[in-house]
Amino acid sequence: MADNNLTTAPVDEQDVITTSQPALGTDGPEVASVATGAGVKRPGDRVFEFLSTASATLITVMIAAIAAFLIWRAVPALNVNEGGFLGFFTYGQRWETNDTDAMKFGIPTMFGSTILISVVALLIAMPIALGIAIFLSNYAPARAVKPLGFLVDMLAAVPSIVYGLWGWQVLGPALSGFYTWLHSWAGGFFLFTTYDNSPSFTTGRNIFTGGIVLAVMILPIIAATAREVFVQTPPGQIESALALGATRWEVIRMTVLPFGMSGYIAGSMLGLGRALGETMALYMVVSPLIDFRFSLFDGGTTFATAIALAASEFGNEMRAGAYIAAGLMLFFLTFVVNAIARSIVKNK
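Residues numbered from 1 in each chain as written. Predicted model: local features only at pLDDT ≥ 70, side-chain atom pairs only at ≥ 80, totals over all residues. Heavy atoms only, no water.

Across its full length, the protein chain carries 14 helices and 0 strands. Relative to its full complement of 348 residues, the protein chain shows a buried share of 37%. In the protein chain, the share of contacts with a sequence separation of at least 24, taken over all contacts with a separation of at least 6, comes to 75%. When the accessible surface of the protein chain is split by element, carbon and sulfur atoms take 67% of a total near 19800 Å². (Helix = DSSP H or I, 4+ residues; strand = E, 2+ residues; numbered from the N terminus. Buried < 20%, exposed > 50% of the residue type's maximum accessible area, 1.4 Å probe, protein only. Contact = heavy atoms within 4.5 Å. Areas by Shrake-Rupley, 256 points an atom, 1.4 Å probe, with all protein chains shown as cover.)

Right, let's talk about the packing of helix α8 (residues 176-186) against helix α9 (residues 207-230) for a bit. Two numbers describe a pair of packed helices, the interaxial angle and the distance between the axes. At a minimum axis distance of 11 Å, the contact between α8 and α9 shows a crossing angle of 125°. As the angle between them shows, α8 and α9 are arranged oblique. Taken as a pair, α8 and α9 cross one another with a handedness that is right-handed. Listed contacts from α9 to Phe178, Tyr179 and Leu182 of α8 are Phe208, Thr209 and Ile212. The class makeup of the residues in the contact of α8 with α9 is 5 nonpolar, 1 polar and no charged. (Axes fitted to C-alpha atoms, helices over the stretch in contact; angles between N-to-C directions. Parallel < 35°, antiparallel > 145°, perpendicular 65-115°, else oblique. Left-handed = near helix turned anticlockwise from the far one by under 90°. Nonpolar A, V, L, I, M, F, W, Y, C, P; charged D, E, K, R; others polar.)

What follows concerns a nonpolar patch on the surface. On the surface, a cluster of nonpolar side chains totalling about 640 Å² of accessible area is made up of Val158, Ile161, Val162, Leu165, Trp168, Met280, Tyr283 and Leu309. Those elements giving two or more residues to the nonpolar patch turn out to be α7 (160-174) and α12 (280-285). It is α7 that provides the largest number of residues to the nonpolar patch, a total of 4 residues. Examined against the element boundaries, Trp168 turns out to sit in helix α7. (Patch = residues over 30% accessible without salt bridge, like charges linked within 9 Å, V, L, I, M, F, W, Y side chains within 5 Å. Salt bridge = Lys/Arg side-chain N within 4 Å of Asp/Glu carboxyl O.)

For the rest of this paragraph, the subject is helix α3 (residues 43-79). An ideal rise of 1.5 Å per residue puts 54 Å on 37 residues; α3 measures up with 54 Å between its terminal C-alpha atoms. When α3 is considered as a whole, its buried residues turn out to be Ala67, Leu70, Ala74, Ala77 and Leu78. (Expected span 1.5 Å × (residues − 1).)

Take unusual backbone geometry next. Despite not being glycine, Phe294 shows a phi value in the positive range, around 60°. Note on Phe294: relative accessible area 47%, which makes it partly exposed.

Following the UniProt record, the feature "transmembrane region" (unreviewed entry) maps to residues 50-72, 115-136, 148-166, 178-195, 207-226, 251-273, 294-314 and 320-341 here. The span residues 320-341 is 100% helix and 0% strand, and its two end C-alpha atoms sit 31 Å from each other. (UniProt positions renumbered as here; feature names shortened; annotations may be inferred.)

This brings us to empty space enclosed by the protein. All chains considered together, the criterion is met by 1 cavity of 30 Å³ or more. Of the pockets and cavities examined, the largest cavity occupies roughly 50 Å³. Leu282, Tyr283, Val286, Ser287, Pro288, Gly300, Thr301, Thr305 and Leu309 are the residues that line the largest cavity. When the residues that make up the lining of the largest cavity are grouped by side-chain class, the tally is 5 nonpolar, 4 polar and no charged. (1 Å grid on protein atoms, 1.4 Å probe; cavity = no way out; pocket = protein on both sides within 12 Å on 5 of 7 lines; lining within 4 Å. Points joined across faces, edges and corners; volume = space filled by probe spheres on them.)

On to the packing of aromatic side chains. Following the criterion strictly, the structure yields 16 aromatic pairs and no others. Here Trp95 and Tyr323 contribute two aromatic rings whose centre-to-centre distance is 5.0 Å and whose plane-to-plane angle is 35°, an arrangement assigned as tilted. Taken together, the positions of Trp95 in the loop between α4 (84-90) and α5 (108-139) and Tyr323 in helix α14 (residues 317-347) put the pair 228 residues apart, joining distant regions of the chain. Each member of the pair Trp95 and Tyr323 is classed as buried. In textbook terms, an aromatic cluster arises when at least three aromatic residues are bridged by ring pairs, as seen for Phe178, Tyr179, Trp181, Trp185, Phe192, Phe208 and Phe297. (Phe/Tyr/Trp six-rings, centres within 6.5 Å; stacked < 30°, edge-to-face > 60°.)

Further remarks concern the packing of helix α6 (residues 142-154) against α9. Interhelical geometry of α6 versus α9 gives an angle of 145° and a closest axis separation of 9 Å. Where α6 approaches α9, its residues Val145, Gly149, Val152 and Asp153 are matched on the opposing element by Pro220, Ala223, Ala224 and Arg227. Residues belonging to the contact of α6 with α9 are distributed by class as follows: 5 nonpolar, 1 polar and 2 charged.

Okay, here's the thing in structure tokens:
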């Protein structure tokens, strides 16, 4: 019979898939993307994109508004300053703003004190933070990593005024004997020279103590940033070094440190930005002094402490404008430091 000669050919799934594809020139890719959900913005995605864009725009506008406000309030005072804008960068002997028609003020001494204290803090905090980050990421037992990391992070939660009280009442007097010994041993070096109006060793209210206090304050920032980068070291690199017979320290030196060095430096720069703007701790620890003579045993006035000390003068717009000009320089200095940190991370 004819019906018996009919055979059923096997169906090839590939043929079905192929024949179901739209012909060239049609909306095939668009249809496929819609079918799979790729490229489709759901309402939640649109809301999140809007909020992210609005937040980034708002932060940018706020930073620009702060800069514009500082410039607007600083320009009138700079116009009556002796030497104008140039005098602001060169005159550093005194800060004379009583006569609002002929003021004499400049930032060299503030700039020197701010940079010296911050550099001392950075030199003390960086090696300690590096050791902490290496220990927590490579040596510490797994059960101890979180508790120890939490204790280090808690240092960042302590208010700066508490650090100021500790440095003023405890650390400074405790280091007075060390300062006396250091001065007797290296007093001829300019960093350890004393002057007639320098803070006494018994109080310890000097740049050295301020740098130590700042080092404790920025330590968690550097340590946390470095540790987060160190733990991201590719396991393949570590295993390869171990397979070649490297010791644990050699693994850290050849793989972990090269991989995380940019993060460590970026964290240090962020800590430096934090140190540049510290106010209350240095206000209490470092004896105010308008002169700057590159001595760690000397007092000093940073940008932030100078503004805090002159709060009573802010009732006069011209006097306030002089200190706002100093705040403007601190704003740009901090901005530059953080921009450098971002560029280091980006170039890695």
